[in-house]
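# Observations on chain architecture
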There are 2 protein chains.
Amino acid sequence: MHNKIIKTGIIQQHNTDNIAGNRERLSEKIELLAQQGAGLVVLQELHDSLYFCQTENTSTFDLATEIPGNITDFYSDIARRNHIVLVTSLFERRLAGLYHNTAVVFEKDGNIAGTYRKMHIPDDPGYYEKFYFAPGDTGFEPIHTSIGTLGVMVCWDQWYPEGARIMALKGAELLIYPTAIGYDANDTAEEQQRQREAWITIQRSHAVANGLPVVSVNRVGFEPHPDNHSEGILFWGNSFVAGPQGEFLYQCSNEKEEIAVVDISISRSEEVRRWWPYLRDRRIDAYPDILQRCADKNSRKSDKNR
Amino acid sequence: MHNKIIKTGIIQQHNTDNIAGNRERLSEKIELLAQQGAGLVVLQELHDSLYFCQTENTSTFDLATEIPGNITDFYSDIARRNHIVLVTSLFERRLAGLYHNTAVVFEKDGNIAGTYRKMHIPDDPGYYEKFYFAPGDTGFEPIHTSIGTLGVMVCWDQWYPEGARIMALKGAELLIYPTAIGYDANDTAEEQQRQREAWITIQRSHAVANGLPVVSVNRVGFEPHPDNHSEGILFWGNSFVAGPQGEFLYQCSNEKEEIAVVDISISRSEEVRRWWPYLRDRRIDAYPDILQRCADKNSRKSDKNR
């Protein structure tokens, strides 16, 4: 069996309010990773700016970009210059009043290989994403690139086994999550630890359940609340790469900016799935309740209308 | 918010070929756990005998029991005497030539609260379960008991996020997996470690994804192959209880028999689900491909026939 390796570069960055500066630093790091042999580079969620969803402010929509547009031209150029496949995470302006949290994947020649619009949108204190982003309408479609078939999702999607499973059933070879998650300063150290562990566990489990490697790239460092209405967010970094049994191939620190190139064997999935053939034994006849909001008695009545 | 606690007893046992002896030891341990305050006791998979699926032998079907029958009478009596809810795992004879791997849950008064027939059936070297067990037809229905609503599944089910999700959507308050899993003696120590870690990770992830505690009870110790055709199985124990963020509440050793009573807060799930409202944001409109064997082009054509 030919051992197919994807040399995957990840960039865990501490962003500032200097958007041009953030982009410039990303550009320099991508160049470094490409020099180190990366054929794929994955950036964190909404990597151009501070995490602006800490507050609801209509003027923030000015940050959004059309796709394609000036910003995709910027990253297209970087992908082409460095001859890499590049996974970016942008604030998409689709129409006036219609915005998305969108991953754009660039081919080595700079063309857009595909886009994914974040399907699950969170909303909790400090993460007011339902204000900014309409739920995605791309579905869970892997993006075909010259280095492999990429199951790209975004942040909150990472908590949903359904998305990972559908990407796997559609042939994804690698699951990728650009993300932005941090500690609530009001939580105890124990609670912060439980949350970070849960975040790691659920993503490693997508690797296990589907026999696929997982790449998760998170931002790092403190970002103050824009109006000082809360204590801001300390993003916990901990970007990581797991193999198809959920085993760690690489883990970044919790505090520091970091870049790394990680060798991911795509062939290993074939081996792992032969040992643990979960896809063979799925009880698809018994899963229809997955398509319900809640499978209590009220919703079962409405089954007949499906 | 009233803090509802389920005091949960678990029994990790090393079985021998002395079936009456295995049962007697279970009975004694259940009594001990009840004396220590357990209101629920969970046994490992197929706890009466050696793990007989190491080989395919038609005479092994003699071990199977009708439900209800002599064996359920035995456990019913134990549940009633100790005034506990008891989760057992039995080899069910349903009809001549039709057998299941069935969990039977007994109420404190000894009545059968409900049964669950293992839905996902494995088959790999040393685990020839497809020979012995027809796939379950109960679906993923939680069992209502006086101490709570139990999402009981069995072993191989634990690798499937779908089963856990459906149990949660149907109101399960606790996920329970009696199980029997061990090392392949031919694997390297690193591979054995990866497999055990994957097994822990996937089950903790069901806690995380659904905001539910998880109880997993595994057998422990070496069981030789009945005809010495292979090196037998060293069952890795490591029974554990996780809270609704996947955090460990208790972990047994890998080598030894063990019993424990673990306090599981059911109220904690309500709190965790308010912080992390995954159930609110599920994209049920985008999940239909979950119901397919594979979501490649061939299967999509057949969609029209569904």
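Structural data are supplied above this passage.
My aim in this report is to walk through the structure given alongside it, one point at a time.

What counts, and at which threshold
- Each chain carries its own residue numbering, running from 1 in the written order of its sequence.
- Chain letters and ligand numbers both follow the written order, the letters beginning at A and the numbers at 1.
- At least 70 in pLDDT is required for a residue's local features to be given in this predicted model, at least 80 for side-chain atom pairs to be given and counted, and no such filter applies to totals for whole chains, interfaces and linings, which use all residues.
- The side-chain quantities take in all heavy atoms of the structure and omit both hydrogens and water.
- Counting from the N terminus, the helices are DSSP H or I runs at least four residues long and the strands are E runs at least two residues long.
- Contact criterion: two residues are considered in contact whenever any of their non-hydrogen atoms come within 4.5 Å of each other.
- Put simply, buried area is the surface a 1.4 Å probe can reach on two separate parts but cannot reach once they are joined, added for both.
- What counts as a salt bridge is simple: a side-chain nitrogen of Lys or Arg found within 4 Å of a carboxyl oxygen of Asp or Glu.
- In the analysis that follows, any N or O atom pair within 3.5 Å is treated as a polar contact, provided that within protein one partner can donate a hydrogen and the other can accept it, and provided that, for residues neighboring in sequence, both atoms belong to side chains.
- Copy-to-copy alignment: least squares on C-alpha atoms, limited to residues at pLDDT 70 or above in both.
- Burial status follows relative accessibility: with a 1.4 Å probe on protein chains alone, a residue under 20% of its type maximum counts as buried, one over 50% as exposed, and anything between as partly exposed.
- Axis geometry follows a simple rule: fit a line to the C-alpha atoms, using only the stretch in contact for helices, then measure angles between N-to-C directions, giving values from 0 to 180 degrees.
- Should an angle fall under 35 degrees it is called roughly parallel, over 145 degrees roughly antiparallel, and 65 to 115 degrees roughly perpendicular, with every other angle called oblique.
- Take the far helix as the reference: if the near one is turned anticlockwise from it by less than a right angle, the crossing is left-handed, and if turned clockwise, right-handed.
- Residues are sorted three ways: Asp, Glu, Lys and Arg are charged, Ala, Val, Leu, Ile, Met, Phe, Trp, Tyr, Cys and Pro are nonpolar, and all the rest, Gly among them, are polar.
- When DSSP finds at least two bridges between two strands, those strands are taken to pair.

### A short note on unusual backbone geometry
- The step from Ile-67 of chain A to Pro-68 of chain A runs through a cis peptide bond, and the omega angle for that step is 0°.
- In this structure, Pro-68 of chain A sits in the loop between β2 (40–42) and α2 (70–82).
- Despite not being glycine, His-83 of chain B shows a phi value in the positive range, around 55°.
- A positive phi is found at Cys-155 of chain B, a non-glycine position, where the angle reads about 40°.

### Structural notes on the interface of chain B and chain A
- Taken together, the contact between chain B and chain A spans 55 residues of the former and 55 residues of the latter.
- Between chain B and chain A, the buried area comes to about 5400 Å², and carbon and sulfur atoms account for 58% of it.
- If you look at where chain B meets chain A, you find 12 salt bridges.
- Our enumeration of links across chain B and chain A arrives at 35 residue pairs in polar contact (both at pLDDT 80 or more).
- Listed by contribution, the elements that provide at least two residues to the side of chain B that touches chain A are α4 (161–169), α5 (189–210) and α6 (267–275) of chain B.

### Quick look at the relation of the copies chain B and chain A
- It takes a turn of 180° to lay chain B on chain A, together with a shift of 0.0 Å along the axis; the resulting RMSD is 0.0 Å. The superposition of one copy onto the other is thereby described by a two-fold rotation axis.
- With an isologous cut-off of 70% or more, the 100% of interface residues of chain B that recur at the interface of chain A puts this contact in the isologous class.

### Side note on the side chain of Gln-292 of chain A
Residue and element names in this part refer to chain A.
- You can see Gln-292 is positioned in the loop between α7 (278–281) and α8 (297–302).
- You can call Gln-292 buried: its relative accessible area is 5%.
- Reaching out from Gln-292, the side chain makes a polar contact with the side chain of Asp-289 at a distance of 2.6 Å.

### Here's the deal with the packing of helix α1 (residues 19–35) of chain A against α2 of chain A
Residues and elements named next belong to chain A.
- Two numbers describe how α1 lies on α2: the axes approach to 10 Å, and their chain directions differ by 20°. In terms of orientation, α1 and α2 fall into the roughly parallel class. Both α1 and α2 take part in a crossing whose hand is right-handed. Here Arg-23, Leu-26, Ser-27, Ile-30, Glu-31 and Ala-34 of α1 lie close against α2, whose contacting residues are Ile-71, Phe-74, Tyr-75, Ile-78, Arg-81 and Asn-82.
- Class assignment of the residues belonging to the contact of α1 with α2 gives a composition of 7 nonpolar, 2 polar and 3 charged.

### Quick look at α4 of chain B
All names here are of chain B.
- Judged by how many residues are buried, α4 sits mostly within the fold: 9 of 9 residues are covered.
- Within the sequence span of α4, burial applies to Pro-161, Glu-162, Gly-163, Ala-164, Arg-165, Ile-166, Met-167, Ala-168 and Leu-169.
- Within two residues after α4, Gly-171 carries a phi angle of roughly 95°, on the positive side.

### Observations regarding the sheet that holds strand β7 (residues 148–152) of chain A
All names here are of chain A.
- Read across the sheet, 6 strands follow the order β6-β7-β8-β10-β13-β14 without closing on themselves; strand pairing throughout is mixed. Of all strands in the sheet, those with a lone pairing partner are β6 (143–145) and β14 (248–251), marking the two edges. Neighbour-to-neighbour, the strand axes of the sheet open up by a mean angle of 20°, direction not taken into account.
- Here 5 bridges tie strand β8 (residues 174–179) to strand β10 (residues 214–218), and the two strands are oriented parallel to one another.

### What to know about the pattern of salt bridges
Residue and element names in this part refer to chain A.
- Tallied over the full model, the rule gives 52 salt bridges over all chains.
- Among the salt bridges present, the one from Asp-263 reaches Lys-7, with a minimum N-O distance of 2.9 Å. Taken as a pair, Asp-263 in strand β15 (residues 258–265) and Lys-7 in strand β1 (residues 5–12) lie far apart in primary sequence, 256 residues in all.
- Since its relative accessible area comes to 33%, Lys-7 is described here as partly exposed.
- Three or more residues are tied together by salt bridges with common partners; here these are Glu-92, Arg-94, Arg-117 and Asp-137.

### Re the side chain of Ser-239 of chain A
Residues and elements named next belong to chain A.
- Its place among the elements puts Ser-239 in the loop between β12 (233–236) and β13 (240–242).
- Classification of Ser-239 as buried rests on a relative accessible area of 0%.
- In this structure Ser-239 touches Ile-10, Gln-12, Ser-216, Val-217, Asn-218, Tyr-250, Gln-251 and Cys-252, once residues within four positions along its chain are discounted.

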